[in-house]
Amino acid sequence: VNSEKEFEKKYLDPTMSLEHETWWTMRHQFRRLVYARNLMSTLTCKSEHESWEGKLGNYLRSSTRKAQVMDWLKRELQSILEMKDVDLIANAIISMLTRGGLRLFSTEFRETVKEYLFEDTTKFIEELHNFLKNPMRLVKFDRCNRYPGVGTAEDHSQSSIEIGRKRCEKRERRGF
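Described below are features of the structure shown in this document. Predicted model only: the values in this text are computed from it and were never measured.

Reading the values: the criteria
Residues numbered from 1 in each chain as written. Predicted model: local features only at pLDDT ≥ 70, side-chain atom pairs only at ≥ 80, totals over all residues. Heavy atoms only, no water. Axes fitted to C-alpha atoms, helices over the stretch in contact; angles between N-to-C directions. Helix = DSSP H or I, 4+ residues; strand = E, 2+ residues; numbered from the N terminus. Parallel < 35°, antiparallel > 145°, perpendicular 65-115°, else oblique. Left-handed = near helix turned anticlockwise from the far one by under 90°. Contact = heavy atoms within 4.5 Å. Nonpolar A, V, L, I, M, F, W, Y, C, P; charged D, E, K, R; others polar. Core = buried A, V, L, I, M, F, W, Y, C linked by side-chain atoms within 4.5 Å. Buried < 20%, exposed > 50% of the residue type's maximum accessible area, 1.4 Å probe, protein only. Expected span 1.5 Å × (residues − 1).

**Overview of the packing of helix α2 (residues 26-37) against helix α7 (residues 121-133)**
- Running from amino to carboxyl end, α2 crosses α7 at an angle of 120°, the nearest separation of the two axes being 9 Å. By the criterion of interaxial angle, the relationship of α2 to α7 is oblique. At the point where α2 passes α7, the crossing takes the right-handed sense. For the pair α2 and α7, contact is made by Arg31, Val34 and Tyr35 and by Lys123, Phe124 and Glu127, respectively.
- Considering only residue class, the contact of α2 with α7 consists of three nonpolar, no polar and three charged.

Have a look at this one:
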């Protein structure tokens, strides 16, 4: 794939329905809503684990913490890219984060992530920062992470998600 347009045509078909895919869950759909509406979150409970507080490389050396971040990354990437197999991208991001000296909000990190996530890059980095500030298991994160007007992933109903239509409109505005 040589361009964003080719990528979208190959992987993000606006007519594609993910409803019958076994890997696609309501939580994926909710996460797409967060990105489509650029929602800001508020955590309503604290993590049982220590925050990374700028020591990201050291923090991710723990296999438990790294697995938690990987679970979160995979679901976010699947939700944004609308594809199941995101292991290569998730591993590239983990590799960048564990590399010494790289900062989450650095230009280098942002530009690399942008190659995969395009206009969702800024929101993705904000959400990653929020997750890393209060690391917890994915289920607890979903229960504790509240978004204005839509609540949490746990209490959000499928009928209120209008992502497909919004995603198509977004693509049309970009000329795809």
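The discussion continues.
**Notes on the nonpolar core**
- Within the largest apolar cluster, 32 residues are counted, with the highest numbers of intra-cluster contacts made by Ile93, Phe109 and Phe124.
- In terms of residue count, helix α4 (residues 63-81) provides more of this core than any other element does, seven residues in total.
- Formed by seven residues, the second largest nonpolar core is a distinct cluster that contains Phe30, Leu39, Val150 and Ala153.

**Details of α4**
- Its 19 residues place the ends of α4 26 Å apart at the C-alpha level, agreeing with the 27 Å of an ideal helix rising 1.5 Å per residue.
- Turning to α4, its buried residues are Gln68, Val69, Met70, Trp72, Leu73, Arg75, Glu76, Leu77, Gln78, Ser79, Ile80 and Leu81.
- Once α4 ends, the next one or two residues include Glu82, with phi positive near 60°.

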